[in-house]
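# An overview of the molecular structure
For reference, the chains in residue letters:
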Amino acid sequence: MAGLRDDDPRAVEVGVFLYWNDVAGLQPFIERSKRLYGREDHRETLKIEARVRELMG
């Protein structure tokens, strides 16, 4: 994400938007979200994990 630092929540949001239909593209954002928010049960992290599970069937 050009112009967005790694610790900027908008970078995660933009990445998730761009890769919403791509499992391989979404998976790195799970770890990035966990690092950013400092916990595994943040709503953004849970949303990404649920979408990955949905895409994987």
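My aim in this report is to walk through the structure given alongside it, one point at a time. Note that the structure is predicted; figures quoted are calculated from it, not measured. Residue positions are counted from 1 within each chain, in the order its sequence is given. Thresholds applied to this predicted model are a pLDDT of at least 70 for local features of residues and 80 or more for the giving and counting of side-chain atom pairs; totals over whole chains, interfaces and linings are not thresholded and use all residues. Note that water and hydrogens are dropped before the side-chain values are worked out from all heavy atoms of the structure.

## Quick notes on a nonpolar patch on the surface
Residues V14, F17, L18 and Y19 make up a contiguous nonpolar surface patch of roughly 420 Å² in combined accessible area. Numbering of helices and strands runs from the N terminus, with a helix taken as a DSSP run of H or I at least four residues long and a strand as a DSSP run of E at least two residues long. Tracing the chain through its elements places F17 in helix 1 (residues 9-18). Working definition: with a 1.4 Å probe on protein chains only, accessible area under 20% of the residue-type maximum means buried, over 50% means exposed, and in between means partly exposed. Under the relative-accessibility criterion, F17 is labelled exposed at 67%. Residues form patches when they are more than 30% accessible in relative terms and have no salt bridge. Like charges link within 9 Å. Nonpolar side chains (Val, Leu, Ile, Met, Phe, Trp, Tyr) link within 5 Å. Residue-level accessible areas treat just the shown protein chains as cover; the underlying method is Shrake-Rupley with a 1.4 Å probe. The term salt bridge refers to a side-chain nitrogen of Lys or Arg lying within 4 Å of a carboxyl oxygen of Asp or Glu.

## Let's talk about the packing of helix 1 against helix 2 (residues 23-37)
Each axis is a line fitted through C-alpha atoms, and for a helix only the stretch in contact is used; angles between axes span 0 to 180 degrees, taken between their N-to-C directions. Packing of helix 1 against helix 2 leaves a shortest axis separation of 10 Å and a crossing angle of 160 degrees. Taken together, the axis directions place helix 1 and helix 2 in an arrangement best described as roughly antiparallel. Crossing geometry of helix 1 relative to helix 2 is assigned as left-handed. Only L26, F29, R32, S33, L36 and Y37 of helix 2 make contact with helix 1, whose side of the interface consists of P9, A11, V12, G15 and V16. Grouping the amino acids of the contact of helix 1 with helix 2 by side-chain chemistry returns eight nonpolar, two polar and one charged. Working definition: roughly parallel below 35 degrees, roughly antiparallel above 145 degrees, roughly perpendicular at 65 to 115 degrees, and oblique for all remaining angles. Crossing handedness is defined as follows: a turn of the near helix away from the far one that is anticlockwise and smaller than a right angle gives a left-handed crossing, while the clockwise case is right-handed. Working rule for contacts: check all heavy atoms of both residues, and any pair within 4.5 Å makes them a contact. All amino acids are sorted into three groups, where Ala, Val, Leu, Ile, Met, Phe, Trp, Tyr, Cys and Pro are nonpolar, Asp, Glu, Lys and Arg are charged, and the leftover types, Gly among them, are polar.

## Digging into helix 2
Helical geometry note: an α-helix holds 3.6 residues per turn, so side chains three or four residues apart project in the same direction. Expected span of a helix: the number of residues minus one, times 1.5 Å. Spanning 15 residues, helix 2 covers 21 Å between terminal C-alpha atoms, matching the ideal 21 Å at 1.5 Å per step. Where helix 2 is concerned, the buried positions are G25, L26, F29, I30, R32, S33 and K34. Summarising the contacts, the buried residues of helix 2 are in contact with helix 1 and helix 3 (43-56). The backbone nitrogen of A24 lies 3.3 Å from a side-chain oxygen of the residue at the head of helix 2, namely D22. The positive-phi residue at the C-terminal boundary of helix 2 is G38, with phi of around 75 degrees. Here a polar contact means two N or O atoms within 3.5 Å. Within protein one must be a hydrogen donor candidate and the other an acceptor candidate, and residues neighboring in sequence count only if both atoms are side-chain atoms.

## Comments concerning the nonpolar core
Here the nonpolar core consists of buried residues drawn from Ala, Val, Leu, Ile, Met, Phe, Trp, Tyr and Cys, with membership extended through side-chain atoms lying within 4.5 Å. Core analysis: the biggest nonpolar cluster contains seven residues, these being V12, V16, L26, F29, I30, I48 and V52. Listed by contribution, the elements that provide at least two residues to this core are helix 1, helix 2 and helix 3. Sorting elements by how many residues they give to this core places helix 2 first, with three residues. Excluding residues within four positions of it along the chain, I48 makes contact with V12, V16, L26, F29, I30 and S33.

## Some remarks on the pattern of salt bridges
Summed over all chains, the structure comprises seven salt bridges. When the shortest N-O distance is used, the salt bridge between K34 and E40 registers 3.9 Å. One continuous salt-bridge network, built from bridges that share partners, spans E31, K34, E40 and E49.

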